Amino acid sequence: MNRKEISAGGVVYRKKDGDLQIQLIQDRYGKTSLAKGKMEAGETVEQTALREILEETGIIGKIIAPVDIIAYKYNHPEFGLVDKEVHYYLVEAQDGTLKPQVEEINGVDWFEPQAAWKKQRHSGYGNNDVILRKALAILNIHVQ
């Protein structure tokens, strides 16, 4: 029986001067990614998503809609094969100051939606394509 691990995170967006912007992080491997992290005891997946976004990026968000769940397996040095599930939400930035959690990530920034999509396609993880595409679609932005 594989060990199971649940993480949650989000596609964070904001409106700045009427323009929509999408938050992307650069993880410690230098890849474009989305803020996410492991669920802690007693948390709901929604609470996990918002806590991780706040910890990693300094932004206080509000969940607007669920986006999707990514499931994959990975090899853990101690536990062997782990079933991993990551729940992603569309999250509107409410407050806070953008500040990367340097222990966890290399950087975080805001991007115009098409630029965010290009960056994801160019230097992101393949399984995040569907997450970003679906999140943008909820915001009525369609990408190729």
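Description of the structure in this document. All values derive from a computational prediction rather than experimental measurement. (Residues numbered from 1 in each chain as written. Predicted model: local features only at pLDDT ≥ 70, side-chain atom pairs only at ≥ 80, totals over all residues. Heavy atoms only, no water.)

### Examining the overall build of the protein
- Within the protein, the secondary structure is distributed over three helices and seven strands.
- Mapped from its N terminus to its C terminus, the protein presents α and β elements in the order β-β-β-β-α-β-β-β-α-α.
- Radius of gyration (C-alpha) of the protein: 15 Å, near the 15 Å computed for a compact globule of 144 residues.
- If you line up the protein on its principal axes, its C-alpha atoms span 50 × 30 × 25 Å.
- The buried share of the protein, reckoned over its 144 residues, is 45%.
- For the protein, contacts bridging at least 24 residues in sequence account for 68% of all contacts bridging at least 6.
- Summed over its atoms, the accessible surface of the protein is roughly 8,000 Å², and 49% of this surface lies on carbon and sulfur atoms. (Helix = DSSP H or I, 4+ residues; strand = E, 2+ residues; numbered from the N terminus. Rg over C-alpha atoms; globule rule 2.2 N^0.38 Å. Buried < 20%, exposed > 50% of the residue type's maximum accessible area, 1.4 Å probe, protein only. Contact = heavy atoms within 4.5 Å. Areas by Shrake-Rupley, 256 points an atom, 1.4 Å probe, with all protein chains shown as cover.)

### Topic: the nonpolar core
- Counting residues in each nonpolar core, the largest one holds 20 residues, and the members touching the most others are V11, I22, Y88, L90, I131, L136 and L139.
- Counting residues per element, this core draws most heavily on helix α3 (residues 129-138), which supplies four residues.
- Residues contacting I131, with those up to four places away along its chain left out, are V11, L34, V67, D68, I70 and Y88.
- Judged by nonpolar contacts, the second largest core, of 14 residues, contains A35, V45, A93 and I105. (Core = buried A, V, L, I, M, F, W, Y, C linked by side-chain atoms within 4.5 Å.)

### Focus on the packing of aromatic side chains
- As enumerated under the stated definition, the model contains zero aromatic pairs in all.
- In this arrangement the basic side chain of R3 is found over the ring face of F79, its NZ or CZ atom lying 3.6 Å from the centre.
- Above the ring of Y125, the side-chain terminus of K31 is found at 5.0 Å from the ring centroid. (Phe/Tyr/Trp six-rings, centres within 6.5 Å; stacked < 30°, edge-to-face > 60°. Lys NZ or Arg CZ within 6 Å of the ring centre and 35° of its normal.)

Any functional reading would require information that these geometric values do not contain.
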